[in-house]
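Reading the structure
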Amino acid sequence: MQTILTDFYTLKSYEKAESGSFVANITLNQDHDIFKGHFPGNPVTPGVCMMQIVKELTEEFTGRELFLKTASNVKFMAIINPFETPELKLQLDINESDEEVKVKNTTSFGETIALKLSVNYKKLT
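Quick caveat, the model's predicted, so the values are computed rather than measured.

What about the pattern of salt bridges?
Charged atoms that come close allow side chains of opposite charge to pair. Going through the model one piece at a time under the given rule, you end up with 6 salt bridges. Taken together, the shared-partner salt bridges in this structure form one network comprising Arg64, Glu96 and Lys123.

Given below as structure tokens:
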């Protein structure tokens, strides 16, 4: 599987619950070039990067290469500044069928929910 966000984040740990959901702890790389341009002097983690992290973690946990089919209920609820809150917790509720993978995600730092989304991926492998 190909990682698009090279050196953007590090997967520190994850746990799989009996329900099949995963809780992943990641650390953002505050020195990544993306933050130099988004935005100079006020770094903000781009929403598209957060969506890509969800996809990459789902690929890691399922062992499948995936393609985004649909995204719904995408709610960016708080700004993720990599200098103030580099440690993020992502909960991924993953449901697989023969041809697709459905994920419900909640991303948070501390008690703050930063992102909620539901996505459907097509299985490529």
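Let's talk about unusual backbone geometry
Of the consecutive residues histidine 38 and phenylalanine 39, the connecting peptide bond is found in the cis state with omega at 5°. With respect to the helices and strands, phenylalanine 39 occurs in the loop between helix H1 (34–37) and helix H2 (47–62). A positive phi angle is found at aspartate 7, which is not glycine, with a value near 60°. Residue position: aspartate 7 is located in the segment before strand S1 (9–16). Located in the positive-phi region is asparagine 73, a residue other than glycine, with phi close to 50°. Residue placement: asparagine 73 occurs in strand S3 (residues 66–76).

A few points about the pairing of strand S6 (residues 112–123)
Inspection of the sheet shows S3 paired to S6 by 8 bridges, in the antiparallel sense. If you follow leucine 66 over to S6, its bridge partner there is lysine 123. In this sheet, S6 lies alongside strand S5 (residues 100–109) in antiparallel orientation, the contact comprising 10 bridges. When the sheet's bridge partners are listed, phenylalanine 109 is paired in S6 with threonine 112. Counted along the chain from S5 to the antiparallel partner S6, the turn is 2 residues long, and its residue glycine 110 has a positive phi close to 60°.

Rules used throughout
Residues numbered from 1 in each chain as written. Predicted model: local features only at pLDDT ≥ 70, side-chain atom pairs only at ≥ 80, totals over all residues. Heavy atoms only, no water. Salt bridge = Lys/Arg side-chain N within 4 Å of Asp/Glu carboxyl O. Helix = DSSP H or I, 4+ residues; strand = E, 2+ residues; numbered from the N terminus. Pairing = 2+ DSSP bridges.

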